[in-house]
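The residues making up each chain are set out below.
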Amino acid sequence: MQSKRQEITSQLAERFQSKFGTMPRIFCAPGRVNLIGEHTDYNDGFVMPAAIEFYSWVAVAPRADRIVRLQSEEFRDQAEFSLDDASARKRNHWSDYVQGVAIALQSGGYRLQGAEMLIHSEVPIGAGLSSSAALEVSSGMALLENVGYGMKGILELTKLALMCQRAENEFVGARSGIMDQFISCHGREGHALMLDCRSLQFTEVPTPDSATIVICNTMVKHSIASGEYNTRRAECEKAVKQLASKILGLRSLRDLTLEQLDAHRELISEVLYRRAHHVVTENLRVQEAAAALEKGDLGEFGKLMRESHVSLRDDYEVSSKELDAMVEIALQQPGVFGARMTGGGFGGCTVNLVESAAVAGFRSAVARGYRQRTGIEPQLYVSEPSDGVHEVTEVAEVATANYSAAPRIEVQSSTKGDSLRVLVTGGAGYIGSVVSAELLAAGHSVVVYDNLSHGHASAIPDGADFVEGDIAEAEKVGRLLRERSIDAVMHFAAFIEAGESMKVPEKYFQNNSANALVLLQAVLGAGVKKFVFSSTAALYGDPQSIPIKEDDPLIPTNAYGESKLLVERMLLWFNRIHGLKYASLRYFNAAGAAGCLGEAHQPESHLIPLVLQVARGVRESIAIYGTDYPTHDGTCVRDYIHVSDLAQAHVLALQGLETRDKLICNLGNGRGFSVREVIEVARKVTNHAIPAVEAPRRPGDPAVLVASSERIMKELGWKPRYPELETIIRSAWEWHQQHPHGYLVQAA
């Protein structure tokens with residue numbers, strides 16, 4: 001039996017495919033209920049929201065232009081806008097939330113692409129449960145992932161929340177605080193968040209199993225963009241401005257104490273005093289409520305909820321007769337710890353903390369009592385705290401479910417086709433061995449050709465033939481190609497150390513360029529018509545824009561990149577003159593392990609295995625070269641791709657040459673991870689401290705290197721199966737634990 005989530009996902013995907021003719025990726029972001037801490041977020045204060053099990057769902061697929069076309073299933077309405085429309089203004093239409101987010105993201109440095117988007121929302125509109133924030137966050141994530149950005153780390157999700165808040169403040173025109181977007185990004189199942197809206201530091205507070213959150217919808221609509229909401233914010237700012245003349249350092253009501261407020265009461269009007277009184281006392285209540293939950297004191301927590309409602313009703317004046325009636329009826333029921341209005345006010349919902357065993361009776365009694373008093377039929381929802389924004393496509397869920405520790409090599413049906421006889425140069429190396437295994441799994445015959453200078457015979461997968469040799473041996477290579485009737489060559493044999501290439505460039509031009517020419521001459525002489533080249537994104541040098549696209553300028557900044565670029569230029573000419581079909585795949589950092597195949601360079605220079613060496617005690621610390629880059633945490637951001645995903649792309653590229661003369665594609669994870677993020681995730685995975693030492697920048701290191709995989713996704717249907725950094729590092733960690741000496745035979 002399908003779960004509710006699976007049912008929504010599959011049905012939304014079917015409707016999207018029926019409308020647009022392609023399968024989408026699907027993202028969802030939750031609405032929220034605020035347990036306590038109302039109207040404090042835009043005053044730099046404290047809040048305690050929880051994400052709820054009601055989501056805004058967005059199905060998305062890229063377009064070739066800069067148009068975003070939207071369709072809402074709830075409004076049964078369509079809209080579209082251009083990402084290049086510099087004069088865009090709000091239209092008081094639901095699409096303003098999506099367009100505002102797109103504008104905020106682009107002004108924040110993200111380059112977006114046109115998209116088809118189908119939107120479905122479970123979050124009740126106008127109920128004060130942040131349907132707008134759920135739409136903003138789910139749309140923002142969809143727009144970013146549509147072009148390969150990754151926003152799944154804490155810092156990236158916080159940035160997404162801030163961009164969505166900016167959209168609501170500046171484009172939609174509602175001067176809301178950060179809470180709604182923040183919890184929609186950072187929600188966690190079974191927890192509320194105690195959030196400091198000034199520093200954006202937060203603590204996950206577990207909600208007790210013995211109590212249940214019940215949300216009661218008065219069915220009186222509220223609009224967060226209404227004048228009253230903005231009026232309250234303006235009143236708070238006015239109170240701060242007037243009090244600051246006597247209170248040094250007062251920046252917001254967050255800085256004000258109750259004693260200071262009472263001591264300078266004469267400076268402000270009675271209305272402004274009551275507004276400030278609510279904010280000051282509400283901040284105190286949130287902190288006391290967090291302490292109560294930590295102690296499991298639900299009675300104290302409920303008392304604070306009741307006090308919060310009184311303050312919102314009398315001091316802040318954002319309640320309504322319907323909200324007051326709902327709270328009064330709820331507090332009369334057995335098993336109720338506390339009840340209060342939640343959200344912006346003037347309608348919407350109440351939140352109630354109810355003893356779990358009493359929930360059924362509570363729901364029927366409150367619905368009956370509210371109906372009798374107001375003549376309105378309410379809606380009551382039971383929701384556990386849920387997770388924040390995430391991708392929910394069936395493909396992603398299946399990949400996650402099938403992944404245990406180190407991912408198995410799985411071949412999608414799209415890679416299967418006619419069996420080919422493939423020569424893999426460098427097939428005993430890290431990437432070459434995994435690609436060889438992927439080729440075998442796809443039904444191809446494989447001959448590994450390697451001189452074992454950097455590869456390992458024990459890494460060659462079962463089922464592949466092995467011939468030891470060097471690509472510079474023209475006669476041997478030519479004879480092998482003819483005798484084995486090779487149909488295609490995949491070329492991995494190359495030196496890969498960019499730093500070394502700037503010390504001994506002749507070594508790289510000889511092996512990577514000159515020897516590749518020898519190989520290509522042998523390929524042409526043997527009549528082989530397909531050639532897949534494992535290239536590098538180092539061809540782009542210091543990129544002019546992120547993510548890097550295939551048409552961006554090719555300006556290598558080291559001899560390694562230049563040596564690879566020379567091969568690509570040869571391939572282009574051989575394609576034009578000799579009809580050699582070729583694919584060139586450009587990428588940055590392969591990482592992770594695929595079953596028994598892992599990364600073991602001698603010496604090691606790649607970040608993830610170096611970090612894991614620290615965890616294993618092989619080295620004392622990891623160096624962070626540069627902490628002052630213009631990135632979210634000051635350290636370099638790099639694109640990491642799981643080696644199994646890389647291998648699958650190579651096999652798909654080979655298949656793609658059946659119908660194409662040439663194919664040039666970038667490969668990437670779709671996001672970047674900073675050095676600090678790699679270290680932090682490794683600490684979590686390994687449960688080791690992993691000391692880090694800050695060091696000066698290395699000359700020539702760009703701040704961010706992330707490649708766009710949009711082209712290969714469109715043309716070949718490729719998609720990373722293991723995009724999570726934790727998945728990548730965990731697979732590598734388990735491999736290194738099982739192979740402490742790499743591929744070397746361990747001493748007895």
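Residues numbered from 1 in each chain as written. Predicted model: local features only at pLDDT ≥ 70, side-chain atom pairs only at ≥ 80, totals over all residues. Heavy atoms only, no water.

Trainee: What exactly am I supposed to notice about the sheet that holds strand S26 (residues 704-705) here?
Mentor: In a beta sheet, neighbouring strands pair by backbone hydrogen bonds and run either parallel or antiparallel. Strand order in this open sheet of 3 strands is S24-S21-S26, and the pairing throughout is mixed. In the strand order of this sheet, the two ends are held by strand S24 (673-674) and S26, each with one partner. Sheet topology note: the strand S21 (residues 637-638)/S26 ladder contains 2 bridges and is parallel. Paired with Val637 across the strands is Val704, a residue of S26. (Pairing = 2+ DSSP bridges. Helix = DSSP H or I, 4+ residues; strand = E, 2+ residues; numbered from the N terminus.)

Trainee: How should I be thinking about the sheet that holds strand S10 (residues 349-355) in this particular structure?
Mentor: Here 4 strands make up an open sheet; going across it, the order is S9-S10-S8-S11 and the pairing antiparallel. Since the sheet does not close on itself, it has two edges, and those belong to strand S9 (336-342) and strand S11 (379-382), each with one partner. Taking each pair of neighbouring strands and ignoring which way they run, the sheet shows an average axis angle of 20°. Against the sheet, helix H11 (residues 359-374) contacts strand S8 (211-217), S9, S10 and S11, and its axis sits at roughly 15° relative to S8. (Axes fitted to C-alpha atoms, helices over the stretch in contact; angles between N-to-C directions. Contact = heavy atoms within 4.5 Å.)

Trainee: What should I look at first to understand empty space enclosed by the protein in this one?
Mentor: Summary: where empty space remains is shown by rolling a probe the size of a single water molecule over the atoms. Under the criterion given, the structure shown has 2 cavities of 30 Å³ or more. Considered as a void within the structure, the largest cavity measures approximately 70 Å³ in volume. Around the largest cavity, the lining residues are Leu35, Thr207, Pro208, Ala211, Thr212, Ile213, Leu293, Phe301, Leu353, Glu384 and Pro385. Considering each element in turn, the lining of the largest cavity owes the most residues, 3 residues, to S8. Of the residues in the lining of the largest cavity, the class split is 8 nonpolar, 2 polar and 1 charged. The computed volume of the second largest cavity comes to approximately 50 Å³. (1 Å grid on protein atoms, 1.4 Å probe; cavity = no way out; pocket = protein on both sides within 12 Å on 5 of 7 lines; lining within 4 Å. Points joined across faces, edges and corners; volume = space filled by probe spheres on them. Nonpolar A, V, L, I, M, F, W, Y, C, P; charged D, E, K, R; others polar.)

Trainee: Hey, could you run me through the pairing of strand S7 (residues 202-206) in this one?
Mentor: Consecutive side chains of a regular strand alternate in pointing toward one face of the sheet and then the other. As paired elements, strand S6 (residues 191-196) and S7 share 5 bridges and run antiparallel to each other. By the bridge assignment, Leu193 is partnered in S7 with Glu204. Hairpin connection of S6 to S7: 5 residues between the antiparallel strands, including Leu200 at a positive phi of 65°.

Trainee: Where do I start with the confidence of the model for the protein in this structure?
Mentor: Reading predicted coordinates in detail is not appropriate for stretches of low pLDDT. Looking at the protein as a whole, the pLDDT averages 89, with 94% of positions reaching at least 70. Of all helices and strands in the protein, the one with the weakest mean pLDDT is helix H12 (residues 394-402) (38), whereas strand S16 (residues 488-491) scores best (98). For the stretch residues 394-417, pLDDT sits under 50, and the model shows 52 contacts to residues farther than four places along the chain or on other chains. (pLDDT = per-residue confidence, 0-100.)

Trainee: Even after reading the chapter, I still don't get H11, so can you show me in this structure?
Mentor: Given 3.6 residues to a turn, an α-helix orients residues that are three or four positions apart in the same direction. In a regular helix each residue adds 1.5 Å, so 16 residues correspond to 22 Å; H11 covers 22 Å between its end C-alpha atoms and thus fits that length. Among the residues making up H11, those that are buried are Val359, Phe362, Ala365, Val366, Ala367, Gly369 and Tyr370. Tucked into the core, H11 has its buried residues touching S8, helix H10 (321-331), S9, S10 and S11. Gly375 lies just past H11 and shows a positive phi near 80°. (Expected span 1.5 Å × (residues − 1). Buried < 20%, exposed > 50% of the residue type's maximum accessible area, 1.4 Å probe, protein only.)

Trainee: Help me understand the pattern of salt bridges, please; the structure alone is not making it clear to me.
Mentor: Charged atoms that come close allow side chains of opposite charge to pair. Evaluation of the coordinates by the stated rule reveals 49 salt bridges. A salt bridge links Lys530 to Glu658; the shortest N-O distance between them is 3.7 Å. Of this pair, Lys530 sits in strand S17 (residues 530-534) while Glu658 sits in the loop between helix H19 (643-656) and strand S23 (662-666); the two residues are 128 residues apart in sequence, bridging distant segments of the chain. Since its relative accessible area comes to 41%, Glu658 is described here as partly exposed. By sharing partners, the salt bridges in this structure join Glu235, Arg265, Glu270, Arg274, Arg275 and Glu317 into a single network. (Salt bridge = Lys/Arg side-chain N within 4 Å of Asp/Glu carboxyl O.)

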